[in-house]
Amino acid sequence: MGIVMIPAFYYQQFDADYSKDIPAEGYGGWKKADLPVDTDHTALVVMHAWDNGTIEQYPGWYRAVEYIHRARDIAAGIFPKLLGTVRQSGFRLFHVTIPEARPSRCKGYERVQNLAPKENPCCGTVESDPVLEELNRFRTENVFPGLHNQLDINRGFSRLDFMKEAMPQGDEPVAVNAEQLFALCRSEGVNHLIYTGFAIDGCLLTSPGGMVDMGRRGVMCSAIRQAVTAIENSESARYEAAKEIALWRVALLYGFVYDADDFINSIKR
């Protein structure tokens, strides 16, 4: 396909106006420009698009992870057209998941495994002690997910699977960590990843293969607004304010934000 011009949102984080009570209110804010995307060096990423079962099956999972219903709506309403267009156009499509989702079932996983080092020298953990264990217990019981929800979450993860709308097809590459995703990017000459999936202020940002990992390796990381959701709290959920902050963070630190229709229409052409 080569170079495609796609409308992209960016955030102008200057100039602070010190004549105002709040100098940051002088920033230019959100703006939009037609910018090039080199399809030979870009891939769409679907990350952590999991089938969480139903609320009747895993009520504790739904109580602790309130964005599941939004993720299901996005998968049903956005993914079919978005991923279908990507596949039809020949645009690269990568998947990022975790070992619990049994990626070995996917044809594209073995190839990615063979590209990456078998051992990750940075995967060690610090030694625990009774105080750390007590603090972690307190967080589990009082921060997230709540002791009464843990069993349902454990049961859900024991049969974790891809959403049917996000199931890898054919030999589409599947990675489970940053080393595999980076090796895949190097193998295919990809230097720009456009993320979709759940959740943009959690997994897509900090989980293995997320923007923090890939950004440190020089990969530009962007997102599609309508194809992500965020972890909201009781104060932010009504307005999805956490999602807005996360998209601003993407635009400020990692790449650009695209509207799904702009992206779809541009790669169709």
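Look up a bit, the structure's there.
Presented here is a report on the structure given in the accompanying data block.

1. Side note on the side chain of Ser222
Okay, step 1: Structurally, Ser222 is set in strand E9 (residues 220–229).
Okay, step 2: Relative accessible area serves as the criterion here: at 0%, Ser222 is assigned to the buried category.
Okay, step 3: A distance of 2.8 Å separates polar atoms of two side chains, one belonging to Ser222 and the other to His192.
Okay, step 4: Those residues in contact with Ser222 that lie beyond four places of it in its chain are His192, Leu193, Ile194, Tyr195, Met211, Val250, Gly255, Phe256 and Tyr258.

2. Topic: the pattern of salt bridges
Any two side chains of opposite charge can pair, so long as their charged atoms come close to each other.
Okay, step 1: On inspection of all chains with the given rule, the structure shows 12 salt bridges.
Okay, step 2: With its nearest N and O atoms 2.9 Å apart, the salt bridge here joins Asp161 to Arg105. Here the residue Asp161 occupies a position in strand E6 (residues 161–162), and Arg105 occupies one in the loop between strand E5 (92–96) and helix H4 (107–115), the gap between them amounting to 56 residues.
Okay, step 3: Residue classification places Asp161 among the buried positions, given a relative accessible area of 17%.
Okay, step 4: The salt bridge involving Glu165 is made with Lys164; its shortest N-O contact spans 3.2 Å.
Okay, step 5: Here the salt bridges share partners, and the residues they tie into one network are Glu66, Arg70 and Glu240.

3. So, the nonpolar core
Okay, step 1: Leu44, Phe79, Leu82, Val86, Phe198, Ile224 and Phe263 are the most contacted members of the largest nonpolar core, which has 40 residues in total.
Okay, step 2: The residues contacting Val86, other than those within four sequence positions of it, are Leu44, Phe91, Arg92, Leu93, Phe263 and Ile267.
Okay, step 3: Grouped together as the second largest cluster of nonpolar side chains are 33 residues, Phe94, Ala175, Tyr195 and Val219 included.

Definitions and cut-offs
- Residues numbered from 1 in each chain as written.
- Predicted model: local features only at pLDDT ≥ 70, side-chain atom pairs only at ≥ 80, totals over all residues.
- Heavy atoms only, no water.
- Helix = DSSP H or I, 4+ residues; strand = E, 2+ residues; numbered from the N terminus.
- Buried < 20%, exposed > 50% of the residue type's maximum accessible area, 1.4 Å probe, protein only.
- Polar contact = N/O pair within 3.5 Å; in protein donor to acceptor, adjacent residues only side chain to side chain.
- Contact = heavy atoms within 4.5 Å.
- Salt bridge = Lys/Arg side-chain N within 4 Å of Asp/Glu carboxyl O.
- Core = buried A, V, L, I, M, F, W, Y, C linked by side-chain atoms within 4.5 Å.

Don't take any of this as a statement about function, it's just geometry.
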